[in-house]
Amino acid sequence: YISDGIERIAESAFDGCADLREVRLPQTLRTIETCAFFRCTHLRYIQFPNKVESIASHAFAGCSKLRTLVLPPKLTSVEDSVFKTCENLTHVILGHSVRYIGINAFELCPNLSFVDIPSSHFRIDMGAFAFHNHLTIRTPYGSGVREYIREDEGGDRIQLIETMRLYELLDD
């Protein structure tokens, strides 16, 4: 448990804490810096408070026991290599504010099977989902994710589900 009032977790604060299994972050937290939880190999669960706006590169890279992530609603980007080598990660739900997924953000996450991208204005950098086995991405129609899938080297292993709201269909 990290005490209330903390707004920032410093660079490499918990780097290599192999015995860390679960993290409950304070509701006051806004920033998680580079490599903050890097190589916490037994970390299975993390609950992000709604106020988190920034998670820096490699913050959770090497957290090989993480399975499911629900990213906070104020987060605007998933930075480079932030969840790289999270081998047991299976599901990721992005918040509505996320507009960008960085280079290698989910690289070497072979069990990642589902990503929900609720934003309709979106950009994904090359290699963001490199070296996965089979991935389904759900996103609003016209989000720009289709262009990424065409360009990505593993595009043949990505299934895209594009959704539309009923009122969008009625407008056409």
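My aim in this report is to walk through the structure given alongside it, one point at a time.

Reading guide: rules and limits
Residues numbered from 1 in each chain as written. Predicted model: local features only at pLDDT ≥ 70, side-chain atom pairs only at ≥ 80, totals over all residues. Heavy atoms only, no water. Helix = DSSP H or I, 4+ residues; strand = E, 2+ residues; numbered from the N terminus. Buried < 20%, exposed > 50% of the residue type's maximum accessible area, 1.4 Å probe, protein only. Polar contact = N/O pair within 3.5 Å; in protein donor to acceptor, adjacent residues only side chain to side chain. Contact = heavy atoms within 4.5 Å. Pairing = 2+ DSSP bridges. Core = buried A, V, L, I, M, F, W, Y, C linked by side-chain atoms within 4.5 Å.

**Quick notes on the side chain of S64**
Link 1 in the chain: Its place among the elements puts S64 in the loop between β5 (54-55) and β6 (68-70).
Link 2 in the chain: Residue class for S64 comes out buried when judged on its relative accessible area of 14%.
Link 3 in the chain: A polar contact is formed between the side chain of S64 and the backbone oxygen of T41, at a distance of 3.3 Å.
Link 4 in the chain: Discounting residues that sit within four places of it in the chain, S64 has contacts with T41, T85, C86, E87 and N88.

**Describing the pairing of strand β12 (residues 135-140)**
Link 1 in the chain: Of all six residues that make up β12, five are buried, and the element is covered over most of its length.
Link 2 in the chain: Bridging between strand β10 (residues 114-116) and β12 involves three bridges; their strand directions are parallel. What sits directly across from V115, in β12, is I137.
Link 3 in the chain: The pairing of β12 with strand β13 (residues 158-163) spans six bridges and is classified as parallel. Note that in β13 the partner of T139 across the bridge is E162.

**Remarks on the sheet that holds strand β11 (residues 123-124)**
Link 1 in the chain: Strand order in the open sheet formed by three strands is β7-β9-β11, and the pairing between neighbours is parallel. Where the open sheet ends on each side, the last strands, each with one partner, are β7 (77-78) and β11.
Link 2 in the chain: Sheet analysis places strand β9 (residues 100-101) next to β11, joined by two bridges and oriented parallel. Along β11, the bridge assignment pairs Y100 with R123.

**Looking at the nonpolar core**
Link 1 in the chain: Of all hydrophobic cores here, the largest spans 46 residues; its most connected members are F37, F60, I101, F106 and F129.
Link 2 in the chain: Of all elements in the fold, only β12 and α1 (145-151) reach the threshold of two or more residues within this core.
Link 3 in the chain: In terms of residues, this core owes the most to one element, α1, which gives three residues.
Link 4 in the chain: Those residues in contact with F106 that sit more than four places away from it in its chain are V78, F83, L89, V92, I101, L112, A128, F129 and A130.

**Points about the environment of M164**
Link 1 in the chain: Mapped onto the secondary structure, M164 falls in the loop between β13 and α2 (166-171).
Link 2 in the chain: Residue classification places M164 among the partly exposed positions, given a relative accessible area of 33%.
Link 3 in the chain: As a C-alpha pair, M164 and T139 span 25 residues in sequence and 9.0 Å in three-dimensional space.

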